[in-house]
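# Summary of the model geometry
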Amino acid sequence: MSNGNTVVLVGNVTRDPELRWTATGQATTTFGLAVNRRWQNRQTQEWEEATSFFDVVCWREMAENAAESLVRGSRVIVTGRLEQRSWETPEGERRSKIEVVADEIGPSLRWATAQVTKNERRGPTGEGARPAPAGRPAPAAAQGGGYDYDEEPF
């Protein structure tokens, strides 16, 4: 579904994905992505390069798959949307950042090969769902409630 806020990034993972769980049992993973741009300076004929860094956030099954599959240095293609979030520090300062909320993540096959393993499909009743980690509530799908994609992720 396109709403005019779609980005496609190709770059290298800068830090190992960090998998966490919300209080309601939703998996979320964050990782850094470095995107390089290279061009030739027409005046000096020298090659120049610039790097942009992005924080990528993914949810639910994709979060678990990303945490299991990606490592620092992996070359990936990420499609998603830009989202700004704001918060207040303990000192009372307002902060905000723009993140990429991923819709799809895949390996870049330009410089590497990949072995893709299809996961067992998870149904709304939790069939095939992974068990929740110790001390965490089972994901909503495993509890029979299904995911509500309209709810706020935080």
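Residues numbered from 1 in each chain as written. Predicted model: local features only at pLDDT ≥ 70, side-chain atom pairs only at ≥ 80, totals over all residues. Heavy atoms only, no water.

### Let's talk about the overall build of the chain
Within the chain one finds one helix and six strands. The helix and strand sequence of the chain, counted from the amino end, reads β-β-β-β-α-β-β. Within the chain, contacts between residues separated by at least 24 positions form 54% of all contacts whose residues are at least 6 apart in sequence. Of the accessible surface of the chain, which amounts to about 10,900 Å², a share of 47% is contributed by carbon and sulfur atoms. (Helix = DSSP H or I, 4+ residues; strand = E, 2+ residues; numbered from the N terminus. Contact = heavy atoms within 4.5 Å. Areas by Shrake-Rupley, 256 points an atom, 1.4 Å probe, with all protein chains shown as cover.)

### Focus: the pattern of salt bridges
Here the structure, examined in full by the defined rule, presents seven salt bridges. In this structure, Glu 18 and Arg 20 form a salt bridge, with 3.6 Å as the shortest nitrogen-oxygen distance. Across the salt bridge formed by Asp 103 and Arg 81, the nearest N and O atoms sit 3.8 Å from each other. Note that Asp 103 is positioned in strand β6 (residues 94–107) and Arg 81 in strand β5 (residues 75–88), a separation of 22 residues in sequence. Owing to a relative accessible area of 43%, Asp 103 belongs among the partly exposed residues under this scheme. Three or more residues are tied together by salt bridges with common partners; here these are Arg 15, Asp 55 and Lys 97. (Salt bridge = Lys/Arg side-chain N within 4 Å of Asp/Glu carboxyl O. Buried < 20%, exposed > 50% of the residue type's maximum accessible area, 1.4 Å probe, protein only.)

### Section: unusual backbone geometry
Of note in this structure, Gln 45 is not a glycine but carries a positive phi near 65°. Examined against the element boundaries, Gln 45 turns out to sit in the loop between β3 (27–40) and β4 (47–59). Overall, the relative accessible area of 48% leaves Gln 45 in the partly exposed class. The backbone of Arg 60 shows a phi angle near 55°, a positive value even though the residue is not glycine. One can find Arg 60 in helix α1 (residues 60–69).

### Side note on the packing of aromatic side chains
Scanning all chains against the criterion turns up zero aromatic pairs. When the ring centre of Trp 39 is taken as reference, the NZ or CZ atom of Arg 37 above it lies at 4.2 Å. (Phe/Tyr/Trp six-rings, centres within 6.5 Å; stacked < 30°, edge-to-face > 60°. Lys NZ or Arg CZ within 6 Å of the ring centre and 35° of its normal.)

### Regarding the pairing of β3
Note that strand β1 (residues 7–13) and β3 share two bridges and pair antiparallel. Bridging across to β3, Asn 12 finds its partner in Ala 34. Pairing geometry for strand β2 (residues 18–21) and β3, over four bridges, is antiparallel. Its bridge partner lying in β3, Leu 19 is registered against Thr 29. Hairpin geometry of β2 and β3 is characterised by an intervening segment of five residues between the two adjacent antiparallel strands and by a positive phi of about 95° at Gly 25. (Pairing = 2+ DSSP bridges.)

### Focus on a nonpolar patch on the surface
A contiguous nonpolar surface patch, about 220 Å² in accessible area, is contributed by Val 8, Val 10 and Ile 77. When you line up the elements, Val 8 lands in strand β1. Judged by its relative accessible area of 55%, Val 8 is exposed. (Patch = residues over 30% accessible without salt bridge, like charges linked within 9 Å, V, L, I, M, F, W, Y side chains within 5 Å.)

### Here we look at the confidence of the model for the chain
Chain-level statistics for the chain give a pLDDT mean of 82 and a share of 77% at 70 or above. Confidence drops under a pLDDT of 50 for residues 138–152, and excluding neighbours within four residues, the segment shows 30 contacts in the predicted structure. (pLDDT = per-residue confidence, 0-100.)

### A look at the side chain of Ser 74
Note on placement: Ser 74 falls in the loop between α1 and β5. At a separation of 2.8 Å, a polar atom in the side chain of Ser 74 contacts the main-chain carbonyl oxygen of Val 71. (Polar contact = N/O pair within 3.5 Å; in protein donor to acceptor, adjacent residues only side chain to side chain.)

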